[in-house]
Amino acid sequence: KKLLSISTVSLIGLSLAFSVSASIVKTGERYELAKSESVGENLYVGSSNINISGDVLGDLMAGGGNIMVTGENHQDVLLIGGSINVLGPVSEDLRLAGGNLVIGKNVGGDLTAAGGNIQLLSEAKVGGEMTAVGGIIIIDGTVAKDLVIMGGEVVINGKVLGNVRVKNVQKL
């Protein structure tokens, strides 16, 4: 419970770091940014189902049940949801909180993830540090700097070029 409270407070703090000056806000049952479209400002989305196939030039912040991101994100990304798949590149930092989290492309900065299941696919490279807190954490990709993990079950098949710090892991 304490970890959940700390995570919630951290996510609220992270969301305040995003600028709201030049932005687009979208809500509804479903939101889709088509592959042929792009957003030049920050994009904020609250929807049950979110599909971002186009490019986002500003920050992306979204919350929803199912989130799929296949487009390119040029700045920071913060996603909170049940099922989150980030299969497009993120130029800066990526922050995720949810039930099932999949990262399949490069992250230019740091990756912070809190979830039930977290997977960094083999095609993915994190350019900065990675911090993961979850039930099952699978690292098949590459982490260029330090990796900090706290979880129930952890599998590291990929490369970690920095230090690895493991805390409170039941199965490694």
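For the structure itself, consult the block above.
Residues numbered from 1 in each chain as written. Predicted model: local features only at pLDDT ≥ 70, side-chain atom pairs only at ≥ 80, totals over all residues. Heavy atoms only, no water.

1. As for the overall build of the chain
Each helix and strand counted, the chain has one helix and 14 strands in total. Taken over 172 residues, the chain has a buried fraction of 39%. Put simply, the chain shows about 8300 Å² of open surface, and 52% of that area lies on carbon and sulfur atoms. (Helix = DSSP H or I, 4+ residues; strand = E, 2+ residues; numbered from the N terminus. Buried < 20%, exposed > 50% of the residue type's maximum accessible area, 1.4 Å probe, protein only. Areas by Shrake-Rupley, 256 points an atom, 1.4 Å probe, with all protein chains shown as cover.)

2. A look at the sheet that holds strand β11 (residues 142-143)
Within the open sheet, the three strands sit side by side as β9-β11-β13. Their pairing is parallel. Every interior strand has two partners, whereas the edge strands, β9 (125-126) and β13 (159-160), have only one. Two strands pair when backbone bridges link them, and β11 and β13 are joined in this way by two bridges, in the parallel orientation. Bridge assignment links Thr142 to a residue of β13, and that residue is Lys159. (Pairing = 2+ DSSP bridges.)

3. With respect to the sheet that holds strand β8 (residues 111-120)
Across the sheet, which stays open at both edges, the nine strands sit in the order β1-β3-β5-β6-β7-β8-β10-β12-β14 with parallel pairing between neighbours. Edge strands, defined here as strands with exactly one partner in the open sheet, are β1 (23-33) and β14 (164-167). Pairs of neighbouring strands in the sheet enclose a mean axial angle of 10 degrees, with direction left out of account. Here nine bridges tie β8 to strand β10 (residues 130-139), and the two strands are oriented parallel to one another. If you follow Leu120 over to β10, its bridge partner there is Ile139. (Axes fitted to C-alpha atoms, helices over the stretch in contact; angles between N-to-C directions.)

4. Quick word on the pairing of strand β3 (residues 42-52)
Where burial is concerned, most of β3 is hidden: eight out of the eleven residues are buried. Across ten bridges, the pairing between β1 and β3 is parallel. Bridge pairing in β3 links Thr27 to Gly46. Alignment of β3 against strand β5 (residues 60-69), held across eight bridges, turns out to be parallel. What sits directly across from Gly46, in β5, is Gly63.

5. Observations regarding the pattern of salt bridges
Scanning all chains against the criterion turns up two salt bridges. With its nearest N and O atoms 3.6 Å apart, the salt bridge here joins Glu32 to Arg30. Taking the relative accessible area as the measure of exposure, Arg30 reaches 52% and is therefore exposed. Between Asp93 and Arg95 there is a salt bridge, with the nearest N and O atoms lying 3.5 Å from each other. (Salt bridge = Lys/Arg side-chain N within 4 Å of Asp/Glu carboxyl O.)

6. Description of the pairing of strand β12 (residues 147-156)
Both β10 and β12 contribute to a ladder of nine bridges, which runs parallel. Note on β12: the bridge partner recorded for Gly134 is Gly151. Where β12 lies against β14, four bridges are found, and the strand directions are parallel. Looking at β14, one finds that Ile149 is bridged to Val166.

7. Points about the environment of Val39
Locating Val39 in the fold gives a position in strand β2 (residues 38-39). Look at Val39 and you get buried, because its relative accessible area is 6%. Residues within four places of Val39 in sequence aside, it is in contact with Ile24, Leu33, Asp55, Val56, Leu57 and Gly58. (Contact = heavy atoms within 4.5 Å.)

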